[in-house]
Structure formats: structure tokens, C-alpha cells
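Topology and contacts: notes
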Amino acid sequence: MFNIIFKSRRLCSWTLNKNLYRFSGVPNNVDLNNLSETNMINGVTNEHVRNHTTHLFKKEYTRQREGVVVFEKINVDYIGLLNNETAISIKLNKNISTPADAAKHIHPLLLERSIIALVNGRQWDMYKPFETSCTLDFMHLNENRPTISNNIFWKSCSFLMGHALTNVFKNDLYIELCNFPKIDIESGSFVYDFSISFLNEKSDITFSDNDLKIISNYVEKSFKKQHFSQSPIIPLCVSKAMAFEIFKYNRFKTHILSTMDDNDVTVYSYKNHVDFCDAPLMGHPNNIYTFVVSAINKLDIPNKHIYRAQGISIPRHQKIHYIGFNVIKARASTYVILYVFTEDCDMF
């Protein structure tokens, strides 16, 4: 069997045979070592791209933080109290303090359960600094009308799917994230499209159930047993020129950037993963109880190795019986037909 394997053989906590870590359905006559040498683009690997994006993100994040030389105090009024009680007013630092900092001052529960903040009524990332004096409230998944929170939760899960896809494979396979289409909850799953390079033109990968378990387990291991203050999802507003530099090794991301009218782009970082999307995302993946990659299907694009990863997730405050979860998991395994960014892209 063709040995395309994941980076780690210890991602799963259960005991399985060695074939779990091999993809099924790849022809025996494909020489992986030869492919990695002849098809690699200028020696760029997944690890190189991760190091490049995280380095530039940290550098720009530090530059923006160090650019705040005057510590100006602002008033933040928390208005999310019951029974029309008087708002809690706290003084925080402009362009430094975030809604997450405010939540720590008010009550730990706010930090644990909140998906996003509402700053002067606008949706706001939990780790995005305040820009002026404002009112503050928080949104969570147990509200009477959680539609907005649900959409942000699913969009954040797509982001975390990208984190897994760019980390679980060996450098012999070059992974490029395409994009995650607009959330359609009625489809039953969140998705992320990605490209696999350095394969024979006639070779495709069929992902087995065990392969999906490995990817799912990688996501869960990345945040379980962590406190909310550890490894949050950090937003950063950068110029389009900086975004082009960060994502210069990803032809799909640079194509999307070239079609955007905005001069600024919100980039997100989680551990060694950097991506961009429409703001906001939830502040921390600890809001997730269960994360499952339910299916990975090859898109019907001739001569291209573009795949669609689908997943389902349950929030930590909304646990359900395993029978009910198996029902929605089976539904999430059905191929999701959404707009495919790559079909109309001239880069091919």
C-alpha cells in the first residue's frame, strides 16, 4: 500500500493497527519520494508555510502593540445585567484591553461561555482591543435566539478545520487551504475546501473513517485540558499588502485577496495556524465539546485535487445523547453542495 501517512502515530488515544495511518485507495505505482522531489515548488513545505505565516503575524502583532505609546483610559459600560440593573462601568486601556479582559473583571462565567462581544451594539471579537469608550455585552449559545452565535460558532469550527488540515499531513503532501464557503446550517455541516499537491495527475485519495478520526482527534487534542486564557483565537487587522505577504505561498488566498475591495483584512491566529475570514470568530475553541470530521470528498473539478472537508461540532454547554449525535453526524456525512470558489478561478 502506498505510504502517505500522517505526521504522528500517536494522535489517537485508542489502539489501532498501522493501516489506520495510511490513506486507502492510492495506486501502488506512485513513488512518494520521487513526487516530493520533482513536484515541490521551490522547496516550500507545509512546515515552511506555517513558520512563515506565524512569524509575520507575530511580528505585525508586536509592532502594533508597541505602537501604542500613550496609555489612555476609556470607560466600558457592561449592560448585560438582568432586571435593568445599573450598568457596571470599568476603566480599561484604549487599543490594548479587550472584551476578554473586561469579562475577567466582571465575572469568569462571561469569559467561559461567551462566543463574541457586542461593542456599542456591533459584533466584536473577544480578543480585539477597544477603540473608544463604549457599551459592552456578550453573546452565547444558550440565548433565546442564538442564530448569530450559531453561525459564528460554525464559522469558527471551519477555521479550526483548516488548522487541522495544515498540520496533520507530512511534508510530502503540500496542503493549500482554498476557502470555507458561507455557512449553511441547513446543510448539516461546516466545510473547508483544500487542495493536495504533488500527487500523480491520475491519483486520488480516498479518506477512510479512521483517517477522519485522526483529523478529528487532532483538533480536540489542540484545546482540551486547556484554560480559556491559553491559546485563544487572536484577531489582527492588517493592510492588504501585509496580508498578501503573509499568504504569498497560497494561490487561493492571494486570489481572494485580489478580489477584495477593502484595504484592511482581519487575520486570525490560533497556535501555528493563520487564516483570514469575515469577522468575528469565537474567542476560544474551549467552547467546543465534540468536534468530528464527518466526510472528505473530492470535488468534481477535472484534473484537480480539490477536496471538501465536512464536520459537525457540539458546544460544551449543549451536550446531547450519543444516539442523537450519531443522527446529526450521519447527516453531516452527506456531500454538501455549495459554491465552489475554485471552479471559476483562472489560476488553474
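Below: a short report on this structure. Remember, predicted model here, so these are calculated numbers, not experimental data.

In sheet architecture, strand pairing relies on hydrogen bonds along the backbone and comes in two forms, parallel and antiparallel. The strand order across the open sheet built from three strands is E8-E9-E10, with neighbouring strands paired in antiparallel fashion. Single-partner strands in this sheet number two, and they are strand E8 (234-239) and strand E10 (273-276). Looking at each pair of strands side by side, their axes are set apart by 30 degrees on average, direction ignored. Of the pairings in the sheet, the one linking strand E9 (residues 264-270) to E10 comprises four bridges and is antiparallel in character.

Further remarks concern the sheet that holds strand E5 (residues 134-139). If you trace the five strands from one edge of the open sheet to the other, you get E2-E1-E5-E3-E4, paired in mixed fashion. Strands with a single pairing partner mark the edges of an open sheet, and in this sheet they are strand E2 (88-93) and strand E4 (122-124). The mean angle between the axes of side-by-side strands here comes to 35 degrees, regardless of whether they run parallel or antiparallel. Strand direction decides the pairing type here: strand E3 (residues 116-119) and E4, joined by three bridges, are antiparallel. Counted as the bridge partner of alanine 117 is tryptophan 124 from E4. Across the face of the sheet, helix H3 (residues 99-106) comes into contact with strand E1 (73-78), E2, E3, E4 and E5 while running at roughly 135 degrees to E2.

The next subject is helix H8 (residues 251-259). Along H8, the positions that sit buried rather than exposed are Phe252, Lys253, Thr254, Ile256 and Leu257. Buried positions along H8 lie against strand E6 (174-179), strand E7 (190-197), helix H7 (240-246), E9, E10 and strand E12 (306-315). If you check the start of H8, you find a side-chain oxygen 2.9 Å away from the backbone N of phenylalanine 252, and it comes from asparagine 250.

Attention now moves to the packing of aromatic side chains. Under the counting rule described, the total for this entry stands at eight aromatic pairs. Judged by centre distance (5.9 Å) and plane angle (45 degrees), the ring pair of tyrosine 78 and phenylalanine 138 falls under tilted. With tyrosine 78 in strand E1 and phenylalanine 138 in strand E5, this pair connects stretches of sequence that are 60 residues apart. According to the relative accessible area criterion, phenylalanine 138 is buried, its value standing at 6%. Relative to tyrosine 307, the ring of phenylalanine 207 has its centre 5.8 Å away and its plane inclined at 80 degrees; by these criteria the two rings are edge-to-face. One end of the pair, phenylalanine 207, is in the loop between E7 and helix H6 (209-223); the other, tyrosine 307, is in strand E12, with 100 residues separating them in the sequence. As far as the burial class goes, phenylalanine 207 and tyrosine 307 line up, both buried. Grouping aromatic residues by their ring pairs yields a cluster made of Trp154, Phe190 and Phe291. Seen from the ring of tryptophan 124, lysine 128 lies directly overhead, with NZ or CZ sitting 4.1 Å from the centre. Directly above the ring of phenylalanine 276 sits lysine 253, whose terminal nitrogen or CZ lies 5.3 Å from the centroid.

Reading the values: rules and limits
Residues numbered from 1 in each chain as written. Predicted model: local features only at pLDDT ≥ 70, side-chain atom pairs only at ≥ 80, totals over all residues. Heavy atoms only, no water. Pairing = 2+ DSSP bridges. Helix = DSSP H or I, 4+ residues; strand = E, 2+ residues; numbered from the N terminus. Axes fitted to C-alpha atoms, helices over the stretch in contact; angles between N-to-C directions. Contact = heavy atoms within 4.5 Å. Buried < 20%, exposed > 50% of the residue type's maximum accessible area, 1.4 Å probe, protein only. Polar contact = N/O pair within 3.5 Å; in protein donor to acceptor, adjacent residues only side chain to side chain. Phe/Tyr/Trp six-rings, centres within 6.5 Å; stacked < 30°, edge-to-face > 60°. Lys NZ or Arg CZ within 6 Å of the ring centre and 35° of its normal.

Everything listed here is a matter of coordinates, which is why it stays silent on function.
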